[in-house]
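Structural description and commentary
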Amino acid sequence: MEKVSSYTIEKITSKLLGKRVRFTSDCELFPNFDVKVQIISISISQNREILFDCRNISNRKKLVIGSNMRNLKFQILS
């Protein structure tokens, strides 16, 4: 697993856009965060946080994942 914070917006976009990805984090608000998603788009918020617009692989629901989650890591599935 690789840390999102290790990448620039350009590198993370070229690496993840359109891919199926597993995100994990040990965020205090979402303990044991572990989701498998397909990345639809990637943007930057006004506070410079990278936002991943995603679709959950298992239930097809849309969600947005912010790079400011503590220890946010990813693994490319396909």
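Residues numbered from 1 in each chain as written. Predicted model: local features only at pLDDT ≥ 70, side-chain atom pairs only at ≥ 80, totals over all residues. Heavy atoms only, no water.

**Things to note about the sheet that holds strand 6 (residues 73-76)**
Ordered in space as 1-6-2-3-4-5, the 6 strands form an open sheet in which the pairing is antiparallel. Two strands lie at the open edges of the sheet, namely strand 1 (2-3) and strand 5 (62-66), each paired on one side alone. As judged from the 5 bridges shared by strand 4 (residues 50-56) and strand 5, these two strands associate in the antiparallel manner. By the bridge assignment for strand 5, Arg-55 is matched with Lys-62. Strand contacts of helix 1 (residues 9-16): strand 1, strand 2 (20-25), strand 3 (33-44), strand 4 and strand 6, with the helix running at about 120 degrees to strand 3, the strand carrying the most contacts. (Pairing = 2+ DSSP bridges. Helix = DSSP H or I, 4+ residues; strand = E, 2+ residues; numbered from the N terminus. Contact = heavy atoms within 4.5 Å. Axes fitted to C-alpha atoms, helices over the stretch in contact; angles between N-to-C directions.)

**A few points about the pattern of salt bridges**
Applying the stated criterion across every chain, the model contains 4 salt bridges. Between Arg-22 and Asp-34 there is a salt bridge, with the nearest N and O atoms lying 2.7 Å from each other. With a gap of 12 residues between them, Arg-22 in strand 2 and Asp-34 in strand 3 connect regions that are remote in the sequence. Here Arg-22 falls in the partly exposed class, since its relative accessible area comes to 25%. Take Asp-34: its relative accessible area is 41%, and that puts it in the partly exposed class. Of the charged contacts, one joins Asp-26 and Arg-70 as a salt bridge, the two residues approaching to 3.4 Å between their closest N and O atoms. Pair noted here: Asp-26 is in the loop between strand 2 and strand 3 and Arg-70 is in the loop between strand 5 and strand 6, with a separation of 44 residues, a long-range link. On the basis of relative accessible area, Arg-70 is assigned to the partly exposed category, the value being 41%. Residues joined in a network through salt bridges with shared partners are Asp-26, Glu-28 and Arg-70. (Salt bridge = Lys/Arg side-chain N within 4 Å of Asp/Glu carboxyl O. Buried < 20%, exposed > 50% of the residue type's maximum accessible area, 1.4 Å probe, protein only.)

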